[in-house]
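Letter by letter, the chains look like this.
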Amino acid sequence: MNDKIETGEQKTGMSQGHVLDLKLPIGWLLSGYGVLLTVYGLVTKKEMYAISLGINLNLIWGILMLAIGGGFLLAAFLKRNKKAG
Amino acid sequence: MPPVITLNAIDYLIIGAYISVMILVGFSLKKYMKTGEDFFLSGRSLPGWITGLAFLSANLGALEVIGMVANSAKYGIATVHFYWVGAIPAMVFLGVFMMPFYYGSRVRTVPEYLKLRYNEATRGLNAISFAIMTVLMSGISLYAMALLLKLMLGWSLTGSILFAAVVVLLYVFWGGLSSSIYNEVIQFFLIWLGLLPIVFLGLKEVGGFQGLMAKLQEPLLHSIKYLGTSNNPLGVDWFGVVMGLGFVLSFGYWTTDFLVVQRALASKNLNSARMTPIIASFPKMLVPIIVVIPGLVALLVLPEFGQAALPTADYNSALILLMKHYLPNGLLGLAITALLASFMSGMAGNVTAFNCIWTYDIYGTYIKKGRSDAHYLKVGKYTTVIGIAISVGTAYIVQSFPNLMDYMQLIFSFFNAPLFATFLLGMFWKGATAWGGFWGLLVGIATAAGHYILYRAGILTYHSDMAANFYQAIWAWSADFVVTIAVSLFTVKRDPKELAGLVFGLTAKPKAEARWYARPAVWGTLAIIVAVILNVIFW
């Protein structure tokens, strides 16, 4: 069962890696949440934010998550272009 | 009792989006699962940042987060010891010194290393105890999750248990360890984004960190200052903290628990494997931001934890009450999703570790030896189903006998405490013999159990249960260490040639070292320096 012993450094290409780029699902999920929270923050009334000390944190957090998620998508996109080119 | 928190459509939408993404990720990984190594070790193909974040998240379960917020409310800033003393040194040690033997020897599991270094009996002892513990643990956390969701949201126990089990089953069955690791990385981002709003709002309300410090009692504000004696909120002296928590328990967990080590073994090369725990150590140092600050804020803003209510306060509810106190719908859904994600990834982590140990170390060693890789892949996939079924069963048993939970955790602590001595001697002393390893481990486990009995019987007394726990670990470790050496002196030594690649001094140094800025030793040193500085700041 141990017939596959090789030295550490040369294994990089084994089984082609799991090529699903994790940046994509993270990017889509976070930017999706960003859009949801931003829109929800825009349509909800001010009274709802009494508990969050009067701050419309849905709006702020939505924009922040959109930025983070967008960053992941951009990174995945750039990487894909680099590979193609 | 009405549920603490009321969710609305937007919150459910956020939770649903997470579940859908997880299932999609699992499904899209399905086509890569061609060999046993693909399924059990992600084909040893993942980059360091992914395995590093997964390494951290595998340990950042929801119970851990809720428990650490509770600890912070109870013990104050001293809770940072669980991070800066009780994790960073062990993580760096694993990456710099131990990973070359784990990854370099190409073992697939931690017990397999014990088999190569010591003998079959040592592997058997470790593999069987680990497999049982892991699958029962997964059941315990499944029950804990369902109970929390019931109290918090009013969801039915059975519904939560079955739903979580099916989701985890789907994505682990399809994507094996890769699914589990990808979920952990996503959880890493969710837990920060879900909990930071509480930190910001909490700090804003109490007047910033300065306000927090000004309003709390002095003993809650220092990590080290009051450790001279055990007369501090933790009830443990410096020796117990440094040796018990910082050395024995932390090294035992971080360097030998297959649940975390498996993440590093999934790396694409030795350098990434060594960087895995070191990359994880940096965000690990920052975790106190999302657990300690909320714990301290809870003391000031929640009436439940006001001075008058102290003796009866249920600190475990601190995080949930803070969520209710601060978060509007929307962000509330995000925070609940973060907790759900860490519950599910915790369960997936247990199931994938159980899978791998069961298939390679138990089934492939004692039941059906020498079958094809395709056979073991199939066994692994169906073990997922069985492992989850046992977890669900355990969850229901624990529901009827809640005391079982404490007993199980107790028994687990007997097995974990001495293990690091066996590994330390195995990796760094070529004189440790096969039976020395076995008897050392067995006596260590027995010592932990014996210490517990003496403590319960009142023959040994400590300032707090935590102190008893730390000292139990110290005794178990010492017994293992001494017995392994003693038995080794009288039993047959292994041929040094057989130990090449497994023991320090008999292993060639890796030829191609990475450039200086990618070297584990450089980053490991940096991690230790930052941890020391943090300890000094919060002295």
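Cut-offs used in this document
Residues numbered from 1 in each chain as written. Chains lettered and ligands numbered in written order. Predicted model: local features only at pLDDT ≥ 70, side-chain atom pairs only at ≥ 80, totals over all residues. Helix = DSSP H or I, 4+ residues; strand = E, 2+ residues; numbered from the N terminus. Rg over C-alpha atoms; globule rule 2.2 N^0.38 Å. Buried ≥ 20, exposed ≤ 12 C-beta atoms within 10 Å, placed from the backbone. Contact = placed C-beta atoms within 7 Å. Nonpolar A, V, L, I, M, F, W, Y, C, P; charged D, E, K, R; others polar. Expected span 1.5 Å × (residues − 1). Bend = angle between axes of the 7 residues up to and from the residue. Core = buried A, V, L, I, M, F, W, Y, C linked by C-beta atoms within 7 Å. Axes fitted to C-alpha atoms, helices over the stretch in contact; angles between N-to-C directions. Left-handed = near helix turned anticlockwise from the far one by under 90°. Parallel < 35°, antiparallel > 145°, perpendicular 65-115°, else oblique. pLDDT = per-residue confidence, 0-100.

### Some remarks on the overall build of chain B
- Scanning chain B from N- to C-terminus turns up 21 helices and zero strands.
- A compact globule built from 539 residues should have a C-alpha radius of gyration of about 24 Å, and chain B, at 23 Å, falls within 12% of that.
- Burial status across chain B gives 58% buried among its 539 residues.
- Contacts spanning at least 24 positions in sequence make up 85% of the contacts within chain B whose residues lie at least 6 apart.

### Observations regarding the overall build of chain A
- Across its full length, chain A carries two helices and zero strands.
- Taken over 85 residues, chain A has a buried fraction of 28%.
- Looking at chain A alone, contacts between residues at least 24 apart form 74% of all its contacts between residues at least 6 apart.

### Some points on the interface of chain A and chain B
- On the side of chain B, 46 residues touch chain A, which itself brings 30 residues to the contact.
- Broken down by secondary-structure element, the contributors of at least two residues to the side of chain A that touches chain B are α1 (23-43) and α2 (57-84) of chain A.
- No other element matches α1(A), which puts nine residues into the side of chain A that touches chain B.
- Within the side of chain A that touches chain B, the residues separate by chemical class into 20 nonpolar, eight polar and two charged.

### What about helix α13 (residues 270-301) of chain B?
Residues and elements named next belong to chain B.
- With 32 residues, α13 ought to run about 46 Å at 1.5 Å a step, and its terminal C-alpha atoms sit 48 Å apart, in line with that.
- Remark: the principal bend of α13, roughly 35 degrees, maps to T276, with a proline, P277, within the next four residues.
- Of all 32 residues making up α13, 26 are buried, and the element is well covered by its neighbours.

### Observations regarding unusual backbone geometry
- Located in the positive-phi region is L53(A), a residue other than glycine, with phi close to 55 degrees.
- With respect to the element layout, L53(A) can be found in the loop between α1 and α2.
- A positive phi angle, near 60 degrees, is found at R106(B), a position not held by glycine.
- Topologically, R106(B) is positioned in the loop between α6 (88-104) and α7 (110-117).
- Overall, R106(B) belongs to the partly exposed group, with 18 C-beta atoms counted inside 10 Å.

### A short note on the nonpolar core
All names here are of chain B.
- Core analysis: the biggest nonpolar cluster contains 206 residues, and L142, A164, V168, A335 and I357 have the highest contact counts within it.
- When residues of this core are assigned to their parent elements, the largest contribution, 24 residues, is made by helix α9 (residues 157-206).
- Filtering out sequence-adjacent residues up to four positions away, V168 remains in contact with M344, M347, A348, V351 and I388.

### Details of the packing of helix α1 (residues 9-29) of chain B against helix α15 (residues 331-367) of chain B
Residue and element names in this part refer to chain B.
- Orientation of α1 relative to α15, taken along the N-to-C sense of each, is 30 degrees, at an axis distance of 8 Å. Considering the relative orientation of α1 and α15, their crossing is right-handed. Residues I10, D11, I14, I15 and Y18 of α1 form the contact with α15, whose participating residues are L332, G333, L334, I336, T337, L340 and A341.
- Partitioned by chemical class, the residues of the contact of α1 with α15 number nine nonpolar, two polar and one charged.

### A look at the packing of helix α18 (residues 419-428) of chain B against helix α19 (residues 434-456) of chain B
Residues and elements named next belong to chain B.
- Contact geometry of α18 with α19 gives a least axis separation of 8 Å together with a crossing angle of 160 degrees. By the angle between their directions, the pair α18 and α19 is classed as roughly antiparallel. Considering the relative orientation of α18 and α19, their crossing is right-handed. Where α18 abuts α19, its residues L419, A421, T422 and G426 lie against G437, G440, L441 and G444.
- Taken together, the residues of the contact of α18 with α19 break down into three nonpolar, five polar and no charged.

### Regarding the confidence of the model for chain A
- Averaged over all residues, the pLDDT of chain A equals 78, while 75% of them reach at least 70.
- Throughout residues 1-16 of chain A the model reports pLDDT below 50, and contacts reaching past four residues in sequence, or to other chains, amount to 24 contacts.

### Topic: α15(B)
All names here are of chain B.
- In a regular helix each residue adds 1.5 Å, so 37 residues correspond to 54 Å; α15 covers 50 Å between its end C-alpha atoms and thus fits that length.
- At W358, α15 shows its strongest bend, of approximately 35 degrees.
- Taken across its 37 residues, α15 has 32 buried, putting it largely inside the fold.

### Regarding the environment of I537(B)
All names here are of chain B.
- Inspection of the secondary structure puts I537 in helix α21 (residues 520-537).
- On the basis of neighbour counts, which here come to 8 C-beta atoms within 10 Å, the residue I537 falls in the exposed class.
- In this structure the C-alpha to C-alpha distance between I537 and G76, which are 461 residues apart in sequence, comes to 15 Å.

### Looking at the confidence of the model for chain B
- Taken over all residues, the pLDDT of chain B has a mean of 86, while the share at 70 or more is 97%.
- The ipTM assigned to the predicted complex is 0.86, against a pTM of 0.88.

### Comments concerning the environment of F481(B)
Residues and elements named next belong to chain B.
- With respect to the element layout, F481 can be found in helix α20 (residues 465-490).
- Residue F481 is classed as partly exposed on the basis of its 19 C-beta neighbours within 10 Å.
- Between the alpha carbons of F481 and F423 there is a distance of 9.8 Å; along the sequence they are 58 residues apart.
- In this view, F481 contacts A421 and L425; residues no more than four positions away in its chain are not counted.

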